[in-house]
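Structural overview for review
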Amino acid sequence: MTGTEHPAPASPHPTSKALGAYADGEGESVDAMRIEAHLRECAQCRTRAETLAALRTIAGSAVRYDAPPGLRDDVHYALDGIAGPAPRRPPRDARAAAWRWATGAMLAASLGALTLSALLVAGAPGAEERIAEEVTAAHIRSQLGEHAIDVAASDQHVVKPWLAQRLDFSPEVVDRAAQGFPLAGARVDYVDRRRVAALVYRRRDHAIDVFVWPADARADAPVVAAPAYRGYHRLHWVRDGFNWWAVSDLEPDELGAFVQALGRPTTQP
């Protein structure tokens, strides 16, 4: 792809109704195939679909209670004149048993709701985990398709202005060929619900993607390694008001050496 071309727009997010039908195994097969293709690329929608599937499983295994014999008569008595002629008022013991059953059922339902809420909160990925998934997916997509590099250049004075024209910020760009990590170019990608810069470096036959975008917190943060995912390693840090994520299938020590070599970019015009 040349520098004048733009990547194809991402497929739209499926509606909650469509995701619900997909989780229930309903809907047209064409729609299901379209949603499955979207879920392979969108970590946010994939998490929503997995949550709906978990809810469906929990709801299907919910405990059911049989009402005691006297409850029906007690309800009819309480609804005197609404549900038909009021039957003979149940004996006190029967009414007490029905009330105990109803109270127990409500408590069980409340406990189930609290447990479900706790499961959803515990199962929801944090911001760091979600972004780690997104940058990894973006890196893998770039290697599988034709959108690995939009502007192929090792000259930082070519790459930096190219990115500045397409983003609402201007990231620092450096070449580290002298340290064994030459700059191959860059592209514009999409992470954390915004357009970001993706700087592409090489190490032998391996590609290293460095994703950069403005950080919410302005203070610098040290390099932190996210858990490896299927051979891909991810490092994150904050510097000069920018988020930096490095993703590659390089061994951890080599990726760490790259981040160290990247260092603090020099000031550029």
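Here's a quick rundown of the structure. The structure displayed is predicted, hence computed values, not measured ones. For every chain, the first residue of the written sequence is number 1, and numbering continues from 1 along that sequence. In keeping with the predicted nature of the model, local features appear solely for residues at pLDDT of at least 70, side-chain atom pairs appear and are counted solely at 80 or more, and the whole-chain, interface and lining totals rest on all residues. Values reported for side chains reflect all heavy atoms of the structure, with hydrogen atoms and water molecules removed beforehand.

**Some details on helix H8 (residues 252-262)**
- A 1.4 Å probe rolled over the protein chains alone gives each residue an accessible area, and that area as a share of the maximum for its type sets the label: buried under 20%, exposed over 50%, partly exposed in between. Note on conventions: DSSP H or I runs of at least 4 residues are helices, E runs of at least 2 residues are strands, and numbering of each starts at the N terminus. Restricting attention to buried positions, one finds in H8 the residues Glu254, Leu255, Phe258, Val259, Ala261 and Leu262. Buried residues of H8, viewed axially, fall in a sector of 160°; they line one side. Facing away from the buried side of H8, by more than 90 degrees, are the exposed residues Asp253 and Gln260.
- The contact rule is simple, with two residues in contact once any of their heavy atoms fall within 4.5 Å. The secondary structure elements touched by the buried residues of H8 are strand S3 (194-203), strand S4 (206-214), strand S5 (221-229), strand S6 (232-239) and strand S7 (242-248).
- Two residues or fewer past H8, Gly263 is found with a positive phi of approximately 50°. Directions from the helix axis toward the C-beta atoms define the arc.

**Remarks on the side chain of Asp209**
- Residue placement: Asp209 occurs in strand S4.
- Here a polar contact means two N or O atoms within 3.5 Å. Within protein one must be a hydrogen donor candidate and the other an acceptor candidate, and residues neighboring in sequence count only if both atoms are side-chain atoms. Here the side chain of Asp209 touches Ser142 through a polar contact of 3.4 Å, side chain to side chain.
- With residues up to four places along the chain from it excluded, the contact list for Asp209 reads His139, Ser142, Arg187, Leu199, Val200, Trp245, Ala246 and Val247.

**Digging into the pattern of salt bridges**
- When a carboxyl oxygen of Asp or Glu is within 4 Å of a side-chain nitrogen of Lys or Arg, the pair counts as a salt bridge. Considering all chains together, one arrives at nine salt bridges under this definition.
- With a shortest N-O distance of 2.6 Å, Arg194 and Asp168 are connected by a salt bridge. Separated by 26 residues along the polypeptide, Arg194 in strand S3 and Asp168 in the loop between helix H7 (156-164) and strand S2 (183-191) bring together distant segments of the chain.
- In this structure, the salt-bridge partner of Glu254 is Arg204, at a minimum N-O distance of 3.0 Å. Within this pair, whereas Glu254 is found in helix H8, its partner Arg204 is found in the loop between S3 and S4, the two being separated by 50 residues in sequence.

**A closer look at the packing of aromatic side chains**
- Aromatic rings from Phe, Tyr and Trp, with only the six-membered ring used for Trp, were paired whenever their centres fell within 6.5 Å, and each pair was classed as stacked if the ring planes differed by under 30 degrees, edge-to-face if by over 60, and tilted otherwise. The final tally for this structure, using the stated rule, is four aromatic pairs.
- Grouped by ring-pair contacts, the aromatic residues Phe181, Tyr201 and Phe258 constitute a single cluster.
- If you follow Arg203 out to its NZ or CZ, it ends over the ring of Phe181, 4.5 Å from the centre.
- Geometrically, a charge over a ring is one whose NZ (Lys) or CZ (Arg) sits within 6 Å of the ring centre while staying within 35 degrees of the ring normal. A cation sits over an aromatic face here: Arg239 above Trp244, 4.2 Å from the ring centre.

**Focus: the nonpolar core**
- Grouped together as the largest cluster of nonpolar side chains are 42 residues, with contacts concentrated most on Leu163, Leu199, Tyr201, Val210, Phe211, Trp213 and Phe258.
- Elements supplying a minimum of two residues to this core: helix H6 (127-144), H7, S2, S3, S4, S6, S7 and H8.
- Contacts of Tyr201, omitting those with residues within four sequence positions, involve Val174, Arg176, Phe181, Pro182, Leu183, Ala184, His206, Ala207, Ile208, Val210, Phe258 and Leu262.
- Counting residues in hydrophobic clusters, the runner-up holds five residues, among them Leu39, Cys42, Cys45 and Ala49. The criterion is simple. A nonpolar core is a set of buried Ala, Val, Leu, Ile, Met, Phe, Trp, Tyr and Cys residues joined through side-chain atoms within 4.5 Å.

**Remarks on the sheet that holds S5**
- The strand order across the open sheet formed by seven strands is S1-S2-S3-S4-S7-S6-S5, and the pairing between neighbours is antiparallel. Two strands lie at the open edges of the sheet, namely strand S1 (151-152) and S5, each paired on one side alone.
- Bridge count for S2 against S3 is eight bridges, and the pairing is antiparallel. The residue bridging Tyr190 from the neighbouring strand is Arg195, located in S3.
- Seen against the sheet, H6 touches S2, S4, S5, S6 and S7 and runs at an angle of roughly 135° to S4. Pairing between strands is defined by DSSP: at least two bridges between the two strands are required. The angle between two axes is taken between their N-to-C directions and runs from 0 to 180 degrees, where each axis is a line fitted to C-alpha atoms and a helix contributes only its stretch in contact.

**Here we look at H7**
- Where H7 is concerned, the buried positions are Gln156, Val159, Lys160, Trp162 and Leu163. On an axial view of H7, the arc spanned by its buried residues comes to 165°, and they lie on one face.
- The secondary structure elements touched by the buried residues of H7 are S1, S2 and S3.
- The N-cap of H7, judged by a side-chain oxygen 2.9 Å from the amide nitrogen of His157 a few residues on, is Asp155.

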